[in-house]
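# Fold and contact review
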Amino acid sequence: MTKICLLGSTGSIGTSTLDVVRRRPDEFSVYALAAGRNIPRLVEQIREFRPAVAVVADSSALNDLRTSLDQSGIPKSDWPELTEGAAARVAIATAPETDFVMSAIVGVEGLEATYRAVCACKRIGLANKEVLVASGKLVMDAARQHRTELIPVDSEHNGAHQCFRAGRRNEVTRLILTASGGPFRNTPAELLQEVSPEQALNHPTWKMGPRITIDSATLMNKGFEVIEACWLFDLHPDQVDVVVHPQSTVHAMVEYNDGSVIAQVSATDMRMPIQYALTYPDRASAPVPRLDWTTPRQWEFYAPDFQKFPLLGLAYQAQRAGGSATCTLNAADEIAVGAFLAGTISFTGIGEVVADTLDAVESRVAGSVEEVLSIDRESRRVAKEKVAARSERRTKILVKA
């Protein structure tokens, strides 16, 4: 029986992970759940999966959890140990009882617990892009030192992981990641300035949280995936290509030195890569309906427009620069996306804020999680200044108009 520590249990990856556990009760059980502030969903997860430990964001959320459990009808004898904060997340990720850590907390909040789990030699399903985007060298050096197995859960990297099994690594010439193209794939560039948050949140393929949905609309999410792929598979940015594939059925392709291309194809359902990560190297029966190959279908592939979606190019630029540039990239993007969703800056302003922040924050090599988090805080501060300056200019323009 594999005992799972689920970091980010109430998000989309967390709930899909629990559905896989639900379908395979003889193989998996839940040791610990870590959530943020979605207390109603966490209470229902506690009721069903009966973890030994439940962790929430802070003391306020912990009080809310205790109150909700009191009102839930769940006997106190069935309550898990209740705790909160970053130290508690580290404790459950490194606990002797934990066999597998699913790292699915969005943002750098999941970094320390994941890094400590790597150092504790835990097997890890990695669904948190920011872990490698913000601190790829630190985490991968630790993984090599401790011989920790990192299984990617993002559909593209998970697909790549499967494709790499088809040959020897020294035979690989390039990795091709696919992007849906987001809601603005066919929108003229000159109209992007005026798109609303509601339009940007209308992703054509996936149902995701607000930040990752906006990142998909700007192709920043694909840029993060390029960075993550470089670290996961020890590739140079020039060996990782991106193609727009609106059908989102081919998730990744690996080209070998004889010209052969191995593609990974599956339904657009996150339970597929989650189950693969949990059962690797074995393959279990499909947790979702299989593709119907008797139905006519068309697959399209296009080159991405780097001028229309400059954040993808900034991601390549930051990875080539090395050091903490990708940490700054991630921090600035999160601040800029939040500002766009709040109506403070325009959609195209996201890329402008990120570019300005990258220019303003010096890149250096971080030797610890604490240094990474310090650079992250500095980058967020600078990004907020860039947002404020851009917002002020935008307000003046609107007033004059």
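Higher on the page you've got the structure.
Position numbers for residues start from 1 in each chain and track the written sequence from start to end. This being a predicted model, a pLDDT of at least 70 is required before a residue's local features are given, and a value of 80 or more before pairs of side-chain atoms are given or counted; all residues contribute to the totals for chains, interfaces and linings. By convention in this description, side-chain values take in all heavy atoms of the structure and omit both hydrogens and water.

Attention now goes to the side chain of Asp376. Strands here are runs of E lasting at least two residues and helices are runs of H or I lasting at least four, both read from the DSSP assignment and numbered beginning at the N terminus. Turning to its location among the elements, Asp376 is positioned in helix α15 (residues 369–400). Excluding its chain neighbours within four sequence positions, the residues that come into contact with Asp376 are Val108, Cys327, Asn330 and Ala331. Whether two residues are in contact is decided by their heavy atoms, any of which lying within 4.5 Å being enough.

All right, on to the environment of Ala389 then. Locating Ala389 in the fold gives a position in helix α15. Think of it in three bands: residues with accessible area under 20% of the maximum for their type are buried, residues over 50% are exposed, and the middle band is partly exposed, with areas taken using a 1.4 Å probe on protein chains only. The class of Ala389 is partly exposed, set by a relative accessible area of 32%. Sequence separation between Ala389 and Gln45 is 344 residues; the distance between their C-alpha atoms is 44 Å.

Turning next to the packing of aromatic side chains. Note on ring pairs: Phe, Tyr and Trp rings are taken, using the six-membered ring of Trp, and paired if centres are within 6.5 Å. Classes follow the plane angle, with under 30 degrees stacked, over 60 edge-to-face and the rest tilted. Scanning the entire structure with this criterion turns up 6 aromatic pairs. With a centroid separation of 5.7 Å and 50 degrees between ring planes, the pair formed by Tyr276 and Tyr280 is classed as tilted. Look at Phe306 and Tyr316: their rings are 6.2 Å apart centre to centre, the planes differ by 55 degrees, and that puts the pair in the tilted class. Here the residue Phe306 occupies a position in the loop between α11 (271–279) and α12 (310–321), and Tyr316 occupies one in helix α12, the gap between them amounting to 10 residues. Among the residues examined, Tyr316 registers a relative accessible area of 8% and is labelled buried. In this structure an aromatic cluster arises from ring pairing among Phe184, Phe340 and Phe347.

What follows concerns the environment of Trp79. One can find Trp79 in the loop between α3 (59–72) and β4 (81–84). Those residues in contact with Trp79 that sit more than four places away from it in its chain are Arg66, Leu69, Asp70 and Ile74.

Moving on, we get to the nonpolar core. Inside soluble globular proteins, nonpolar side chains tend to come together where they are buried. Leu7, Ile92, Val139, Leu175 and Phe233 are the most contacted members of the largest nonpolar core, which totals 58 residues. For this core, the element with the most residues is helix α6 (residues 129–146), which contributes 8 residues. For our purposes a nonpolar core is just a set of buried Ala, Val, Leu, Ile, Met, Phe, Trp, Tyr and Cys residues, chained together by side-chain atoms within 4.5 Å. Within the second largest apolar cluster, 36 residues are counted, among which are Ala54, Leu82, Met102 and Ala277.

Here we take up the packing of α6 against helix α10 (residues 220–232). The axes are straight lines fitted to the C-alpha atoms, using for helices just the contacting stretch, and the angles between their N-to-C directions are given from 0 to 180°. At their nearest, the axes of α6 and α10 sit 9 Å apart, and the two run at 20 degrees to each other. In terms of axis orientation, α6 runs roughly parallel to α10. Pair α6 / α10 crosses with left-handed handedness. Contacts between α6 and α10 involve Lys129, Leu132, Val133, Gly136, Lys137 and Met140 on the former and, on the latter, Asn221, Phe224, Glu225, Ile227, Glu228, Trp231 and Leu232. Ten residue types, Ala, Val, Leu, Ile, Met, Phe, Trp, Tyr, Cys and Pro, are classed as nonpolar, four, Asp, Glu, Lys and Arg, as charged, and the remainder, Gly among them, as polar. Here the residues of the contact of α6 with α10 sort into 7 nonpolar, 2 polar and 4 charged. Throughout, the term roughly parallel applies to angles under 35 degrees, roughly antiparallel to angles over 145, roughly perpendicular to angles from 65 to 115, and oblique to all others. Helix crossings fall into two classes, left-handed where the near helix is turned counterclockwise from the far one by less than a right angle and right-handed where it is turned clockwise.

Our next topic: the sheet that holds strand β11 (residues 261–265). On the basis of which strands lie adjacent, the open sheet formed by 4 strands has the order β9-β8-β10-β11 and mixed pairing. Each edge of the open sheet carries a strand with a single partner, namely β9 (240–244) and β11. On average, adjacent strands in this sheet sit at an angle of 20 degrees to one another, irrespective of strand direction. Pairing between strand β8 (residues 172–179) and strand β10 (residues 250–256): 5 bridges, direction antiparallel. Bridging from a neighbouring strand, Arg174 pairs with Glu255 of β10. Across the sheet, helix α7 (residues 155–163) touches β8, β10 and β11, and the angle it forms with β10 is around 35 degrees. Paired strands, as defined in this entry, are two strands with at least two bridges between them according to DSSP.

Bringing the sheet that holds strand β1 (residues 2–7) into the picture now. One open sheet accounts for 7 strands, arranged β4-β3-β2-β1-β5-β6-β7; its pairing is parallel. Two strands in the sheet have a free side with no partner beyond their single neighbour: β4 and β7 (150–152). In this sheet, adjacent strand axes meet at a mean angle of 25 degrees when their direction is disregarded. Looking at chain direction, strand β2 (residues 28–34) and strand β3 (residues 53–56) are connected through 3 bridges and run parallel. In the sheet register, Leu33 faces β3, and the bridge partner there is Ala54. Sheet strands touched by α11: β1, β2, β5 (100–103), β6 (123–126) and β7. Its angle to β5, the strand with the most contacts, is close to 155 degrees.

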